[in-house]
Each structure stands twice: as C-alpha cells, then as structure tokens.
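Here is what each chain is made of, one letter per residue.
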Amino acid sequence: MHPLRLLLSFLVLALFATRATALIHHLEIREDTREAYFIENFGFDDNGFLNLTVTDFKADPPVDFKTDVVGFVIARTQQDAHRLIEENEPDSCLFNVHFDDPYAKKVRLESKNINFAFSIPQSASAFYNVYFTSCLGRTAAFSYNLDLVMSNPGPNYLSVGQSVEPTIYAFFFFVYVVLLVLWVFGYMRATSEKKKVFPIHYLMTLLLVLKMSALLFHALELHFLKSTGHAGGWGIVFYLLQFLKGTAMFLVIALIGTGWAFIKPFLSDRDKKIIMIVIPLQVIDNLALIYTEAEAPGSEGWITLQDIFRIVDIVCCIAVLVPVIWSIRHLKEASTIDGKGTNTSLAPLARAFAAPFSFSFSFSFSFSFSFSFSFSFSFSFSF
C-alpha cells in the first residue's frame with residue numbers, strides 16, 4: 001500500500017478520541033431552575049467509596065426543609081446509558097420512584113449544609129449515577145456548592161473500566177513514536193524518483209508529533225488523576241495539545257482533500273472558503289470539548305455543549321469531504337480535455353483518501369455513541 005494512504009488511514013482511524021475524568025468534583029450551581037438533572041456517575045468496584053457534601057444551599061423562593069422534599073438520588077445500573085430521569089418523565093420527582101435495588105440511596109436535604117458518605121458493599125459493584133431532584137411541584141431557583149468524591153480501593157480515582165487507560169495511552173504513545181520514526185526515515189528522508197516530498201508531508205509530520213505528544217501528556221494526566229484525583233498542570237498541557245492536534249488534523253485533511261501540493265500548487269478561492277469554514281468551527285468545537293471535559297455533567301449547559309460538539313464535528317467532517325469530490329471531478333474533466341489520462345491516475349488516490357476517512361468517521365461516531373452505551377460498567381473505556 002502507498003505510504004501516504006497507509007498513514008492517512010491510520011491517522012483518521014486513531015485521531016477521534018476523548019478523555020476520561022477522575023471523580024473529585026467541585027460543582028457550583030447558581031440559580032438553576034431545573035427540577036431534576038444528572039450530575040455524575042462512576043463505575044465502582046467492591047469497597048469503593050462515595051462522599052457527597054452540600055454547602056450553602058439556597059432556594060428562591062425559600063424551601064422549608066421539614067416539609068419540602070429536595071435532595072439527591074444515587075441509583076446504580078450496569079450500563080452508563082441507563083438514565084433515570086428520561087425513564088420517569090414527566091414526573092421529575094425521583095423521590096417518588098420505587099427502587100427494587102436495596103443499594104439505591106435517597107439523600108434528602110434537611111439543612112443547607114449536609115454530608116453523606118457510604119462504602120460500596122461486596123457484590124454491589126456497578127455504575128452509580130448521582131441525580132439532583134426537587135419535589136416542590138413549583139419552579140424554584142437553586143444555588144449550592146457540591147463536593148463529590150468517588151473512588152475505588154487504592155485509592156483509585158478512575159472508574160473501574162477506565163483504570164487501564166493510563167497504560168493504554170502510554171502504549172499508543174510508543175506506537176506513534178515508532179510510526180514517526182518509520183515515516184521520517186522510511187519515507188521523508190528516502191531518496192527515490194518515485195517518492196516526492198511535498199509541503200503537506202511536513203504538515204502531516206507535525207500532526208504526528210502533536211498527536212504523539214497529546215498521548216504522552218494524556219497518559220501522565222490520567223496517571224495522576226488515578227493516583228491523586230487531580231491532574232495538576234498535566235491537564236493544561238494536554239488540553240493545549242489536544243486543541244492544536246484537533247485543529248491541525250482538520251487543516252491537514254482539508255488541504256489533502258483540495259489536492260494542495262501534490263495535485264496543484266495553489267488553493268482556489270473555493271478551497272480557501274472551505275478551510276475558512278472548517279478551522280473556525282474546529283476552534284469552537286475544541287473549546288466546547290475542553291469545557292465539557294473539565295466540568296461535571298451536572299453543570300448547566302453541559303448537555304447543550306455536548307450536542308454542539310457532536311454537531312460541529314459532523315459538519316466539519318462533511319465539509320472536508322467536499323473538496324475531495326471537487327478534486328475527483330476536476331481530475332476527470334481535465335483528463336477528458338487533454339485526452340492523455342495523466343490526471344486520471346491521481347483520481348484513485350483522492351478516492352482512496354475519501355474512503356478510509358468516510359469509514360472512520362461513521363465508525364467512530366457509531367461506535368463511541370452507540371456501543372459505548374451498551375458496554376457493562378467494567379468495560380467503559382473512553383472512546
């Protein structure tokens with residue numbers, strides 16, 4: 001297989017990855033009018049530990065803790081996709097739900113400051129989902145500070161299915177080191193009449209370096225998250241590299257799709273417009289990703305940003321395929337006009353680029369948003 005095709009296929013298949021979070025959260029809710037919402041979940045092993053602390057709880061209009069029912073529900077499931085709120089709509093009061101599970105907990109607020117803790121019994125390992133719920137029967141604005149600590153024995157602050165992720169990311173870091181060496185010394189520096197090094201190859205090398213560096217710092221971040229519950233400065237470096245990698249990836253794909261350098265030495269006005277659309281969208285996309293990864297799902301607007309992230313990714317992936325279609329059409333028309341068939345040989349290369357990209361795009365989205373929701377909690381890796 002052509003080295004360019006091989007590298008493109010591997011890059012596109014591997015570059016769609018998100019991160020996992022450790023479960024030490026400080027969540028600040030301010031004037032939130034939602035009556036029930038999902039806060040966070042965690043895959044507990046036997047003897048895991050959960051500690052929930054609420055401070056400075058306020059409601060407008062005020063609540064009477066003796067008669068009004070407001071608090072938190074902790075329900076366990078075997079799968080992450082099991083969402084209690086959707087199943088019990090339109091009744092948003094989760095305290096009214098009857099749980100057959102003896103390990104489900106209902107934590108009612110009896111004052112503006114509470115602390116609740118419990119240890120996971122033997123044979124009770126599962127996903128434990130934490131929900132806020134209000135049974136006031138009226139609209140109210142809630143404000144409070146929530147400190148939520150979830151850990152497994154060790155202590156291990158990563159969910160059961162995510163405990164191996166530091167090792168996995170470290171392994172793929174070394175895989176990318178090997179790929180980078182093979183790419184640079186096996187192709188970039190190889191002397192052959194059949195091998196031509198174009199400017200796009202240097203950009204692809206930069207993309208490999210960014211991806212490799214992001215994997216390294218992600219492995220370090222997850223290691224410290226697992227052992228201490230805090231990523232420290234490693235998370236900041238990872239977010240920066242992840243942002244640069246995501247933007248560079250779509251820039252490289254868009255440039256290859258236009259045929260820049262190896263088909264034509266310039267970008268047409270139409271190509272420039274596509275790039276000027278994709279790159280700003282990717283900037284927005286990566287900023288939304290950083291926010292959603294840093295915040296707990298209980299944050300107001302978190303679900304909206306997740307939806308934006310998915311939609312923008314779909315738009316960008318479709319947008320970068322448009323220049324490929326234009327390039328294939330242009331090559332066919334040029335070949336018909338000159339009658340020599342010289343440009344026709346480049347059309348399969350463009351199609352070979354579009355095929356793995358289209359497959360990896362559909363595979364990554366269907367796999368991460370469908371199969372990841374159907375796995376048991378002990379296999380809940382971050383896709």
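Structural data are supplied above this passage.
Overview of the structure. This one's a predicted model, so the numbers in the text were calculated from it and none came from an experiment.

Side note on the overall build of the protein
Then comes step 1: Of the regular secondary structure elements, the protein holds eight helices and eight strands.
Then comes step 2: Across the 383 residues that make up the protein, the buried fraction comes to 49%.
Then comes step 3: Of the contacts formed within the protein by residues at least 6 apart in sequence, a portion of 82% connects residues at least 24 apart.
Then comes step 4: Total accessible area on the protein is roughly 18,500 Å²; 63% of this is exposed by carbon and sulfur atoms.

Side note on the sheet that holds strand S6 (residues 114-119)
Then comes step 1: In spatial order, the strands read S1-S8-S3-S6; together these four strands make up an open sheet with antiparallel pairing. Each of the sheet's edge strands pairs with one partner strand only, and the pair in question is strand S1 (24-32) and S6. Taken pair by pair, the neighbouring strands of this sheet meet at an average axis angle of 15°, ignoring direction.
Then comes step 2: Where S1 lies against strand S8 (residues 141-151), seven bridges are found, and the strand directions are antiparallel. Paired with His-26 across the bridge in S8 is Asp-147.

Considering a nonpolar patch on the surface
Then comes step 1: Where nonpolar side chains cluster on the molecular surface, the patch consists of Val-164, Ile-168, Phe-171 and Phe-172 and spans about 350 Å² of accessible area.
Then comes step 2: As for its position among the elements, Ile-168 is in helix H3 (residues 165-188).
Then comes step 3: Given a relative accessible area of 33%, Ile-168 falls into the partly exposed group.

A few points about the packing of aromatic side chains
Then comes step 1: Going through the model one piece at a time under the given rule, you end up with 18 aromatic pairs.
Then comes step 2: When the ring of Phe-224 is compared with that of Trp-234, the centres are 6.0 Å apart and the planes differ by 15°; the resulting orientation is stacked. Taken together, the residues span a long stretch of sequence, with Phe-224 in helix H4 (residues 199-228) and Trp-234 in helix H5 (residues 234-258) at a distance of ten residues.
Then comes step 3: What makes Phe-224 partly exposed here is its relative accessible area of 29%.
Then comes step 4: The rings of Tyr-37, Phe-57, Phe-65, Phe-72, Phe-132, Phe-142 and Tyr-144 are connected pair by pair, giving a single aromatic cluster.
Then comes step 5: In this structure, Arg-34 packs its charged tip against the face of Tyr-37, placed 3.8 Å from the ring centre.
Then comes step 6: We note Lys-105 situated over the ring of Phe-118; from NZ or CZ to the ring centre the distance is 5.6 Å.

Quick notes on the sheet that holds strand S5 (residues 105-108)
Then comes step 1: Here four strands make up an open sheet; going across it, the order is S2-S7-S4-S5 and the pairing antiparallel. The sheet is open, and its two edges are formed by strand S2 (36-44) and S5, each paired on a single side. When the angles between neighbouring strand axes are averaged without regard to direction, this sheet yields 20°.
Then comes step 2: For S2 and strand S7 (residues 126-134), the ladder comprises eight bridges, and the chain directions are antiparallel. What sits directly across from Phe-42, in S7, is Tyr-128.

Details of the nonpolar core
Then comes step 1: Core analysis: the biggest nonpolar cluster contains 37 residues, and Trp-183, Ile-200, Met-204, Phe-250, Val-252, Val-278 and Val-320 have the highest contact counts within it.
Then comes step 2: Of all elements in the fold, only H3, H4, H5, helix H6 (269-294) and helix H7 (302-338) reach the threshold of two or more residues within this core.
Then comes step 3: For this core, the element with the highest residue contribution is H4, accounting for eleven residues.
Then comes step 4: Apart from the residues within four sequence positions on either side, Val-278 is in contact with Phe-250, Cys-316, Ala-319 and Val-320.

Some details on the state of the cysteines
Then comes step 1: Summed over all chains, the structure comprises one disulfide.
Then comes step 2: The disulfide partner of Cys-93 is Cys-135, and the S-S distance across this bridge is 1.7 Å. Taking the sign of the S-S torsion, 80° for the link of Cys-93 and Cys-135, the bridge is right-handed. Of the two residues, Cys-93 sits in the loop between helix H2 (84-87) and S5 while Cys-135 sits in the loop between S7 and S8, which places them 42 residues apart along the sequence.
Then comes step 3: Taking the relative accessible area as the measure of exposure, Cys-135 reaches 24% and is therefore partly exposed.

Quick notes on the side chain of Asn-156
Then comes step 1: Position of Asn-156 among the secondary structure elements: in the loop between S8 and H3.
Then comes step 2: A polar atom in the side chain of Asn-156 sits 3.0 Å from the backbone nitrogen of Leu-158.
Then comes step 3: A polar side-chain atom of Asn-156 sits 2.8 Å from a polar atom in the side chain of Ser-163.
Then comes step 4: Not counting the four nearest positions on each side in its chain, Asn-156 is found in contact with Phe-42, Ser-151, Ser-163 and Lys-226.

Overview of the pattern of salt bridges
Then comes step 1: Under the counting rule described, the total for this entry stands at three salt bridges.
Then comes step 2: Across the pair Arg-34 and Asp-32 runs a salt bridge whose closest N-O atoms are separated by 2.6 Å.
Then comes step 3: Given a relative accessible area of 1%, Asp-32 falls into the buried group.
Then comes step 4: Between Asp-56 and Lys-58 there is a salt bridge, and its shortest N-O distance comes to 4.0 Å.
Then comes step 5: The partly exposed category is assigned to Asp-56, whose relative accessible area is 34%.

Calculation notes
- Residues numbered from 1 in each chain as written.
- Predicted model: local features only at pLDDT ≥ 70, side-chain atom pairs only at ≥ 80, totals over all residues.
- Heavy atoms only, no water.
- Helix = DSSP H or I, 4+ residues; strand = E, 2+ residues; numbered from the N terminus.
- Buried < 20%, exposed > 50% of the residue type's maximum accessible area, 1.4 Å probe, protein only.
- Contact = heavy atoms within 4.5 Å.
- Areas by Shrake-Rupley, 256 points an atom, 1.4 Å probe, with all protein chains shown as cover.
- Pairing = 2+ DSSP bridges.
- Axes fitted to C-alpha atoms, helices over the stretch in contact; angles between N-to-C directions.
- Patch = residues over 30% accessible without salt bridge, like charges linked within 9 Å, V, L, I, M, F, W, Y side chains within 5 Å.
- Salt bridge = Lys/Arg side-chain N within 4 Å of Asp/Glu carboxyl O.
- Phe/Tyr/Trp six-rings, centres within 6.5 Å; stacked < 30°, edge-to-face > 60°.
- Lys NZ or Arg CZ within 6 Å of the ring centre and 35° of its normal.
- Core = buried A, V, L, I, M, F, W, Y, C linked by side-chain atoms within 4.5 Å.
- Disulfide = S-S within 2.5 Å.
- Polar contact = N/O pair within 3.5 Å; in protein donor to acceptor, adjacent residues only side chain to side chain.

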